[in-house]
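Structural description and commentary
Each chain, written out:
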Number of protein chains: 2
Amino acid sequence: MSPLAELAGRLDPSCVLAAPEEMAPYLGDWRGRRRGRALAVLRPRSVAEVSTILRWASATRTPIVPQGGNTGLSAGATPDASGRCAVLSLGRLNRIRSVDTEGDSVTAEAGCVLAQLQQEAAKANRLFPLSLGSEGSCQVGGIVATNAGGINVIRYGTVRDLVLGLEYVRADGAVIHGLKPLRKDNAGYALRDLLIGSEGTLAVITAASFRLFASPKASATALCGIPDPTAAIRLLAMLREVAGERISSFELMCDAEMGLTLDLLGGAALPFGGRYPWYVFIEIADSASDAAMEQVLTRALALAFDAGVLSDAVVAQSGAQAKALWHLRFAVSEANKRAGPSVSHDTSVATADVPRFIAAVQGAAAERFPTAQPLFVGHVGDGNIHVILLFGKGGFQDDAAFAALAASVNACIFEIVSQFGGSITAEHGVGRSLVGALRRATQPETLELMAGIKNAFDPLGILNPGAVLEPEEI
Amino acid sequence: MSPLAELAGRLDPSCVLAAPEEMAPYLGDWRGRRRGRALAVLRPRSVAEVSTILRWASATRTPIVPQGGNTGLSAGATPDASGRCAVLSLGRLNRIRSVDTEGDSVTAEAGCVLAQLQQEAAKANRLFPLSLGSEGSCQVGGIVATNAGGINVIRYGTVRDLVLGLEYVRADGAVIHGLKPLRKDNAGYALRDLLIGSEGTLAVITAASFRLFASPKASATALCGIPDPTAAIRLLAMLREVAGERISSFELMCDAEMGLTLDLLGGAALPFGGRYPWYVFIEIADSASDAAMEQVLTRALALAFDAGVLSDAVVAQSGAQAKALWHLRFAVSEANKRAGPSVSHDTSVATADVPRFIAAVQGAAAERFPTAQPLFVGHVGDGNIHVILLFGKGGFQDDAAFAALAASVNACIFEIVSQFGGSITAEHGVGRSLVGALRRATQPETLELMAGIKNAFDPLGILNPGAVLEPEEI
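Residues numbered from 1 in each chain as written. Chains lettered and ligands numbered in written order. Predicted model: local features only at pLDDT ≥ 70, side-chain atom pairs only at ≥ 80, totals over all residues. Heavy atoms only, no water.

Attention now moves to the packing of helix α1 (residues 3–10) of chain A against helix α3 (residues 47–60) of chain A. Residue and element names in this part refer to chain A. Running from N to C, α1 and α3 cross one another at 160°; their axes reach a closest spacing of 11 Å. Taken together, α1 and α3 sit at an angle that is classed as roughly antiparallel. Relative to α3, the crossing made by α1 is right-handed. Between α1 and α3, the contacting residues are Pro3, Leu4, Glu6, Leu7 and Arg10 on the first element and Thr52, Ile53, Trp56 and Thr60 on the second. Looking at the contact of α1 with α3 residue by residue, the classes come out as five nonpolar, two polar and two charged. (Axes fitted to C-alpha atoms, helices over the stretch in contact; angles between N-to-C directions. Helix = DSSP H or I, 4+ residues; strand = E, 2+ residues; numbered from the N terminus. Parallel < 35°, antiparallel > 145°, perpendicular 65-115°, else oblique. Left-handed = near helix turned anticlockwise from the far one by under 90°. Contact = heavy atoms within 4.5 Å. Nonpolar A, V, L, I, M, F, W, Y, C, P; charged D, E, K, R; others polar.)

Here we take up the relation of the copies chain A and chain B. Superposing chain A onto chain B takes a rotation of 180° combined with a translation of 0.0 Å along the rotation axis, leaving an RMSD of 0.0 Å. Expressed as an axis order, the relation between the two copies is that of a two-fold axis. Comparing contact sets, 100% of the residues at the interface of chain A also lie at the interface in chain B, consistent with an isologous, same-surface contact. (Least-squares fit on C-alpha atoms with pLDDT ≥ 70 in both.)

Before going further, it helps to spend a moment on the interface of chain A and chain B. On the side of chain B, 85 residues touch chain A, which itself brings 85 residues to the contact. Both faces combined, the contact of chain A with chain B buries some 6300 Å², and carbon together with sulfur accounts for 53% of it. When the buried area of chain A at its contact with chain B is split by residue, Lys184, Asn186 and Tyr189 of chain A rank highest and sum to 17% of it. Between glutamate 448 of chain A and arginine 170 of chain B there is a salt bridge, with its nearest N and O atoms 3.0 Å apart. Joining chain A to chain B, the criterion identifies 40 residue pairs in polar contact (both at pLDDT 80 or more). Counting residues per element, the ones that place at least two in the side of chain A that touches chain B are α6 (153–156), α7 (159–162), β9 (175–178), α8 (191–195), α9 (229–243) and α17 (444–457) of chain A. In terms of residue count, α17 of chain A provides more of the side of chain A that touches chain B than any other element does, ten residues in total. Its residues assigned to classes, the side of chain A that touches chain B comprises 30 nonpolar, 28 polar and 27 charged. (Buried area = accessible area lost by both parts, 1.4 Å probe. Salt bridge = Lys/Arg side-chain N within 4 Å of Asp/Glu carboxyl O. Polar contact = N/O pair within 3.5 Å; in protein donor to acceptor, adjacent residues only side chain to side chain.)

Residues and elements named next belong to chain B. As judged from the four bridges shared by strand β5 (residues 96–100) and strand β6 (residues 105–109), these two strands associate in the antiparallel manner. Residue pairing in the sheet places aspartate 100 in a bridge with serine 105 of β6. Two successive antiparallel strands, β5 and β6, enclose a turn made up of four residues, where aspartate 104 displays a positive phi of approximately 50°. (Pairing = 2+ DSSP bridges.)

Residue and element names in this part refer to chain A. Spanning 21 residues, helix α15 (residues 399–419) covers 30 Å between terminal C-alpha atoms, matching the ideal 30 Å at 1.5 Å per step. Next to the buried residues of α15 lie β16 (342–348), α14 (354–368), β18 (384–390) and α16 (435–441). Immediately beyond the C-terminal end of α15, within one or two residues, lies glycine 421, with a positive phi of roughly 65°. (Expected span 1.5 Å × (residues − 1).)

Moving on to the packing of helix α10 (residues 255–264) of chain A against helix α13 (residues 332–339) of chain A. Residue and element names in this part refer to chain A. Where α10 meets α13, the axes come as close as 9 Å, and the angle between the chain directions of the two elements is 90°. In terms of axis orientation, α10 runs roughly perpendicular to α13. Residue-level inspection shows Glu257, Leu260, Thr261, Asp263 and Leu264 of α10 in contact with α13, the latter providing Val332, Glu334, Ala335, Asn336, Arg338 and Ala339. When the residues that make up the contact of α10 with α13 are grouped by side-chain class, the tally is five nonpolar, two polar and four charged.

What follows is about the environment of alanine 86 of chain B. Residue and element names in this part refer to chain B. Along the chain, alanine 86 falls in strand β4 (residues 86–89). Overall, the relative accessible area of 0% leaves alanine 86 in the buried class. Put simply, alanine 86 and leucine 39 are 47 residues apart on the chain and 5.3 Å apart in space, counted from C-alpha to C-alpha. With residues up to four places along the chain from it excluded, the contact list for alanine 86 reads Ala40, Leu42, Thr62, Pro63, Ile64 and Val65. (Buried < 20%, exposed > 50% of the residue type's maximum accessible area, 1.4 Å probe, protein only.)

Applying the stated criterion to the full structure yields one cavity of 30 Å³ or more. Computed from the structure, the largest cavity encloses a volume of approximately 40 Å³. Residue lining of the largest cavity: Arg155, Glu245, Arg246 and Asp286 of chain A together with Arg155, Glu245, Arg246 and Asp286 of chain B, and that is the complete set. Partitioning the lining of the largest cavity into residue classes produces no nonpolar, no polar and eight charged. (1 Å grid on protein atoms, 1.4 Å probe; cavity = no way out; pocket = protein on both sides within 12 Å on 5 of 7 lines; lining within 4 Å. Points joined across faces, edges and corners; volume = space filled by probe spheres on them.)

Feature annotation in UniProt assigns "domain: FAD-binding PCMH-type" (unreviewed entry) to the following positions: residues 34–215 of chain A. Each end of residues 34–215 of chain A is marked by a C-alpha atom, and these two atoms are 40 Å apart; helix forms 24% of the span and strand 24%. (UniProt positions renumbered as here; feature names shortened; annotations may be inferred.)

Laid out in structure tokens, this is it:
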């Protein structure tokens, strides 16, 4: 009996997919850049079945690639080409286990979709603040394993700031019960925080408890046209003076990127007359229903206009208008995918350094990659700018030529990131795409510590091999 | 030449204290419960000197006990009785390296006192929100190594939520440069978060970058008399409806504890006529200077009074009055120390469970320790209640008799904590006081993972032996 047949004997038949057409959706990344092969796709329905699978994987030395909604941007959930790995899809563990309105927490299984979590919180008159482009598909296990960010980090932090407790299964199948929804717990090392952002290489997350927040009862949204990134930093400082901790989002986008999203959305025009070199999307919100958010935002924008920081601005007059503005921001990934080959980065630097960092990238791109269109979009209040060099359709002999070009673009951008003491991946994670880059960007002693931690959790190396720490495939 | 003499030859003479009278202040814990011996007290002035010391310690297998302001409540910085250890005091690394008002961050060395950090932030018109009783003495290295909490956690989180980057020295002397003041960084495992709360057992923290916040420009403080802990939970919910995320502190205290702090402060009367079974200290604040915080707080309290949740309340009419109210809260540790032998705990449970948890402790104490006065004080919004069983002065044959009593009190309280799925130490840490309790309260597989992590960082076991993970001294 083959090892897989032996596992199948211990699970419900619905848990094991091995036919090529059934496995296909699980074998490639969302961006369409990597495609692998797998022994099987395993779809457990319970924590006990996850444990059974991992015991089997340890006994048979079968590499396991955990996968959630498969919306990752660093290929952290894509198996390699060997066909030795099994994909472990957590999508069927999708129960909301509890919502606690007295303690303001929610406990959800790994396969719950982010939008479902947002809706459950809203039903309880609470806010689950994580919000990002893939929220209709990405899952709890994935957002925790990648420490996801998104557009509300400036106010509520990343997933790390939202998680209270975790339940996970070790490589040997032991279930670690760490789901206590405690606000404070200093009993031993922060294993929870180590699991967050470990991208499936240390253990398989099966459930998480998260903090909930008071629902915003009043909010206001604006789109602003500004002359340059320095104006964005000044505008943020002025907005802070007026709106303080009410700033929920503050997103920067260049005009070329705006052109692409407008194209994708069928040529919708901007809600003000002209076009500007840069744009900022702002949302402020307050949990007090009598808070006059629209007036507060209008006052801040008027001050910024008088100070010459702002070229133009429109404040949404309805929820529908606000939603339409955010569509422009959320369409970025889709628009860029459609625009053709590009090399994208997820960098962060200190917030104050953002304008100099963007200028440095523009200068280097113009000199070294003159055929590329550099695009900038991101969470400027977090210092997290997505840099995309768009090469447009066609123009490459073959995949190998594009891969070589991408490697030299990466080296160029990461060199600039390093000069600013920044991060090569602020929120997308290392996955399989940045393993070599992480090694080059990180102090050897730090890599040693990471390898030691990996060994403590997964001595056989069966969890997501090739992601985060191991060498890139050749 | 002795190993110590050899080290002394590599350091400035001011860095090595070996005379008993010079070492004395470093050899006991603040509570006066443990006293150890040491080979020497080492007081480096620079990161390079810390590295030299750790290289020497690794080569000579000398155990190192890192120490900051020595205000810890779990004896995590107190050497054992063997005299083999060297205490590593970080107090001379006390430079604020930078304050960045554009990026809202501050970088400070391990020996900076918390109050100094608060003042530097205030000078820059920013808030560093960590606030706790020992803020005039405790140091940056200590607050990070113990993931300190305090009275503003309900709004700003613990130290974990405030740290952006860390610089630390490994057991072998390698300096890890992780000070980047980045808001987001997903490049590899969260070593920063692992160091936070590791209590000197994984590496020696030499500097930290922290987030700064908008200064509160308007605030209001109240002391409330309430009938029972359930009223505190209801009052918190009602306050959230009115004040939302403006709640900066929400602290519970029983009347017996209030009596002790009033005694300590020379019999100062409470600002309202009578006494009540329980009290809540509230502070709300807003970064907008026109925010009418006093009205907001008064409105919330009036609603609570009408709902029968509140017996009495006084809102401070000046900064001085607010300060005087907070004195009552901050005097707790000192007052309890003065009141005589007590056994104290730093437990957390889910917020909604706090009233049932307190009732369970009261019941168990009355039955099993009828001579003890149970005291309760803490951060009720975080579910973090300090439970103190006060036995008063005298009445014990000897230290051994008290130690045996303390052990049975601990076992009793931790059993109740376990029934509620709570934590045996929400903020004080494990130190040397709770090593056995941690082992009993924790899943064996979790302890295995912690031991593996310890081994990855400190394979020779020279960093703070006897703290967190190792067996208690017999």
